Amino acid sequence: MVRSPPFRRLRMTTLATLYPQHLAELHRRTEQALARAGFDHLVIPSGTSHYQVFDDRDYPYAVNPQFKAWLPLTRAPGSWLVATPGQKPKLVFLQPFDYWHVVPAAPSGYWAEHFDIVVIRKPEEALQHLPANAARCAILGEPQSALGAFVPNNPAPVVNYLEYHRAYKTPYEIAMMREATRRGVRAHRAAERAFRAGASEFGIHLVYCQAAGQDANDLPYNNIIALNEHGAVLHYTDRDLTPPSALRSFLIDAGAAHHGYACDITRSYALDAGSEFQAMIDAVDAAQLKMCDQVRAGSDYKQIHVDAHLALAGILKDFGVIKVSPEAALATGVSSAFFPHGIGHGIGLQVHDVAGFAASDNGGTIAKPDGHPYLRLTRVLEPGMVVTIEPGIYFIDMLLDEVKANGHADSIDWARVEAFKPYGGIRIEDDVACTDGAPANLTREGFDAAA
Ligand code: GLY
Ligand code: MN
Ligand code: MN
């Protein structure tokens, strides 16, 4: 169904309506963070472009996440944001005279009226508009953003406080992530069609970017577009230019961005709907939905991870791949050979959002469970958090060899492994918001709306 423009207008109105509350929350957090560290101002450079080594070409510009938390600008290098408790935030906006490049458009949109905006034409002019005393400023950024006395100092109490609280998304941020999801879902559906039509990995990637309306540099992470055995490479970012001679399966882990907010979505497909591999995908999908239902206030994310091992080992047992109980597979590390990554991570302004291990807004670390080094989030879930739930089952030679080396070869039916290996692996990944009640699965909602 083609969405008519009024739908889009409504969604933009929603963002405009939600934005002031988002900004008020950032002010509240900033006031706290500055008070803790004894600073008067929060100063955030948007970041600069950098040359590649021994070359005159820039790396792709990546905006400072601390900057894009405040306003939906992701292509404004050389700009600065100043937040001072009790005052309207100030945006020092670099709009250079430049006939070589497209310069950033003049600030406009639902956010602009909430800032005092000063347009500058040269990066160094920012100095005239930053606070008088740099020593009173918490300056959050990378070293290359230094300008005069404004050298990023990234005080730990300020960074810790802001990053810890960034896990709790405002309603505006959830709406931004829904927008990112709309794009991602549209592109995933196009990619599935391209897979079924026999396109190459590279061809599917191009179809994806076209449907998302985003280039590789705009996407929140490098697309994983894997056919057949390539699905067993967790971060498979090569892309074959030609289709395989025999097409069997497709694993796609690809996201999209909306003004700096990410979605992170994985789907797995078998070409043959009647195959055993499709049945295993369906089993993982059903288990994944149950895991998504665990995204509730008070749930320990570490427990969701451990429970996922048991559920996935149960599927492996049902399909005759392992011969031991799920509990035994977890205890011996056999389940980790098939599910060797974490169940997920926080997501928002960064696809792997910050402060996944933060014990408090004052610092401290919540350890990962023993034997699970790749888990990226160990916090207890609370309303406002958005996390991914991304269980997987893979057939990876290197890890299966380790099972043998560790003396657990008897736990596995190797003929069944050989039967599944040509399909690579399975991962299903949704982005799920924790609420006061039932979880909001942003990804499933997105696919339902698009269907
Ligand atoms: N796409 C990266 C991840 O799923 O974490
Ligand atoms: Mn992920
Ligand atoms: Mn992913």
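Residues numbered from 1 in each chain as written. Chains lettered and ligands numbered in written order. Predicted model: local features only at pLDDT ≥ 70, side-chain atom pairs only at ≥ 80, totals over all residues. Heavy atoms only, no water.

Residues in contact with ligand 1, as listed here, are Tyr-221, Asp-253, Asp-264, His-345, His-352, Glu-390 and Glu-429. Within the side chain of His-345, one N or O atom sits 3.0 Å away from an oxygen atom of ligand 1. At 2.6 Å from an oxygen atom of ligand 1 is found a side-chain nitrogen or oxygen belonging to His-352. Its free accessible area being 190 Å², ligand 1 has 91% of it covered by the protein chains. Along the lines of polarity and charge, the residues of the shell around ligand 1 split into 1 nonpolar, 2 polar and 4 charged. (Near = heavy atom within 4 Å. Polar contact = N/O pair within 3.5 Å; in protein donor to acceptor, adjacent residues only side chain to side chain. Areas by Shrake-Rupley, 256 points an atom, 1.4 Å probe, with all protein chains shown as cover. Nonpolar A, V, L, I, M, F, W, Y, C, P; charged D, E, K, R; others polar.)

Okay, the coordination of the manganese ion (ligand 3) next. Octahedral metal centres with six donors ideally show angles of 90 or 180 degrees, and tetrahedral centres with four donors ideally show 109.5 degrees. Within the protein, Asp-253 (OD), Asp-253 (OD), Asp-264 (OD) and Glu-429 (OE) serve as the donor atoms for the manganese ion (ligand 3), at 2.0 to 2.4 Å. Read in sequence order, the donor residues for the manganese ion (ligand 3) give the motif D-x10-D-x164-E. Taken as an interatomic distance, the gap from the manganese ion (ligand 3) to the manganese ion (ligand 2) is 3.3 Å; Asp-264 donates to each of them. Placement of Asp-253 in strand S7 (residues 249–258) and of Asp-264 in strand S8 (residues 261–270) is noted, with a sequence separation of 11 residues between them. Overall, the relative accessible area of 6% leaves Asp-253 in the buried class. (Donors = N, O, S within 2.8 Å, 3.2 Å for Na, K, Ca; no water. Helix = DSSP H or I, 4+ residues; strand = E, 2+ residues; numbered from the N terminus. Buried < 20%, exposed > 50% of the residue type's maximum accessible area, 1.4 Å probe, protein only.)

Summarizing the sequence annotation, UniProt attributes the feature "binding site: Mn(2+) 2" (unreviewed entry) to Asp-253, Asp-264 and Glu-429 in the numbering used throughout. Across 177 residues, the annotated set stays spatially compact, with a maximum C-alpha separation of 8.0 Å. Among residues more than four places away in sequence, those in contact with Asp-264 are Tyr-221, Asp-253, Gly-255, His-345, Ile-347, Val-351, Thr-388, Glu-390, Glu-429, Asp-430 and Asp-431. Among the polar contacts listed, one links the side chain of Asp-264 to the side chain of Tyr-221, at a separation of 2.8 Å. By secondary structure assignment, the location of Glu-429 is in the loop between strand S11 (425–427) and strand S12 (430–433). Setting aside chain neighbours within four positions, we find Glu-429 in contact with Asp-253, Asp-264, Ile-265, Thr-266, Arg-267, Gln-288, His-345, Thr-388, Ile-389, Glu-390 and Thr-443. Among the polar contacts made by the side chain of Glu-429, one reaches the side chain of Thr-266 at a distance of 2.7 Å. (UniProt positions renumbered as here; feature names shortened; annotations may be inferred. Contact = heavy atoms within 4.5 Å.)

All right, on to a nonpolar patch on the surface then. A contiguous nonpolar surface patch, about 300 Å² in accessible area, is contributed by Phe-202, Leu-206 and Leu-241. Topologically, Leu-206 is positioned in helix H5 (residues 201–212). Given the relative accessible area of 46%, Leu-206 is considered partly exposed. (Patch = residues over 30% accessible without salt bridge, like charges linked within 9 Å, V, L, I, M, F, W, Y side chains within 5 Å. Salt bridge = Lys/Arg side-chain N within 4 Å of Asp/Glu carboxyl O.)

A few words on the nonpolar core. Membership of the largest hydrophobic core comes to 55 residues, with the highest contact counts inside it found for Val-321, Phe-338 and Ile-389. Breaking this core down by element, the ones donating at least two residues are strand S6 (224–227), helix H6 (276–292), helix H7 (301–318), helix H9 (334–338), strand S9 (386–389), strand S10 (392–394), helix H10 (397–405) and helix H11 (414–420). The contacts of Val-321, once residues within four sequence positions are left out, are Met-280, Leu-316, Phe-338, Phe-395, Ser-411, Ile-412, Asp-413, Arg-416, Val-417 and Phe-420. Residues Phe-93, Tyr-161, Tyr-172 and Ala-262 belong to the second largest nonpolar core, which totals 45 residues. (Core = buried A, V, L, I, M, F, W, Y, C linked by side-chain atoms within 4.5 Å.)

Coordination of the manganese ion (ligand 2) by the protein comes from Asp-264 (OD), His-345 (NE2), Glu-390 (OE) and Glu-429 (OE), over a distance range of 2.0 to 2.2 Å. One way to put it: the 6 donor atoms around the manganese ion (ligand 2) meet at angles of 51 to 157°, and that makes the site irregular. On the primary sequence, the residues serving as donors to the manganese ion (ligand 2) are separated as D-x80-H-x44-E-x38-E. (Tetrahedral: all angles 85-135°; square planar, octahedral: opposite > 155°, others 65-115°.)

Turning next to the pattern of salt bridges. The full count for this structure, using the stated rule, is 23 salt bridges. Across the salt bridge formed by Glu-25 and Arg-28, the nearest N and O atoms sit 3.0 Å from each other. Taken together, the positions of Glu-25 and Arg-28, both in helix H1 (residues 5–37) and 3 residues apart, correspond to about one turn of that helix. Residue classification places Arg-28 among the partly exposed residues on the basis of a relative accessible area of 39%. Across the salt bridge formed by Arg-166 and Asp-353, the nearest N and O atoms sit 3.3 Å from each other. Here Arg-166, found in helix H3 (residues 156–166), pairs with Asp-353, found in the loop between H9 and S9; they are 187 residues apart in sequence, far enough to count as distant. Taken individually, Arg-166 and Asp-353 each receive the classification buried, so the pair is uniform in this respect. Through salt bridges with shared partners, a single network forms among Arg-267, Asp-285, Asp-430 and Arg-444.

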